Amino acid sequence: MTEFEAATIAFQQASLEIGRAGLEISRATLWVGLAQAGVALLVGAVQCGLIYIGLRYMRRAADHRDQQHQETMRALEAQTATQQAQTAAQQARHEETMRALEALILRTAPPTS
């Protein structure tokens, strides 16, 4: 075998090793890409979960505010009804007092001729 043939074979062997190294690098790059995609998927899922939990807390808070509002409105309606009843009672007492005052005025007025 000549020196040229030996160099050609060595060059081919080196080219094969470079190709194999390139394939290993490509394989490693593929695994790194898959790992990055997996991490991104995991982070996205965690973010979605946190958003869901936040929305649930917001819904609970809104429900609680709605309940408080309803209770406040019921109390206000009861207070308004009580005030209306008190006003009616005061009006009745006022009318009774006015009638008594009119009767008193008629009894104490001097007789007209």
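Further up the page is the structure itself.
Rules used in this analysis
- Residues numbered from 1 in each chain as written.
- Predicted model: local features only at pLDDT ≥ 70, side-chain atom pairs only at ≥ 80, totals over all residues.
- Heavy atoms only, no water.
- Helix = DSSP H or I, 4+ residues; strand = E, 2+ residues; numbered from the N terminus.
- Rg over C-alpha atoms; globule rule 2.2 N^0.38 Å.
- Buried < 20%, exposed > 50% of the residue type's maximum accessible area, 1.4 Å probe, protein only.
- Areas by Shrake-Rupley, 256 points an atom, 1.4 Å probe, with all protein chains shown as cover.
- Lys, Arg positive; Asp, Glu negative; His and termini not counted.
- Charge placed at Lys NZ, Arg CZ, Asp CG, Glu CD.
- Polar contact = N/O pair within 3.5 Å; in protein donor to acceptor, adjacent residues only side chain to side chain.

Engineer: Can you help me understand the overall build of the protein in this one?
Structural biologist: When helices and strands are counted, the protein shows 1 helix and 0 strands. Taken over the C-alpha trace, the protein has a radius of gyration of 48 Å; the compact-globule value for 113 residues is 13 Å, which it surpasses by more than 25%. Dimensions of the protein, computed from C-alpha atoms along their principal axes, come out at roughly 165 × 20 × 10 Å. Here the protein holds 113 residues, and 1% of them are scored as buried. Of the roughly 10200 Å² of accessible surface on the protein, 65% is carried by carbon and sulfur atoms. Mean positive and mean negative side-chain charge positions of the protein (10 and 11 charges, respectively) differ by 14 Å.

Engineer: Teacher, can you tell me more about the environment of T80 here?
Structural biologist: Looking at where T80 falls in the secondary structure, it is placed in helix α1 (residues 3-108). Sequence-wise, T80 and D63 are 17 residues apart; in three dimensions their C-alpha atoms are separated by 25 Å. Polar contacts involving the side chain of T80 include one to the main-chain carbonyl oxygen of L76, which spans 2.8 Å.

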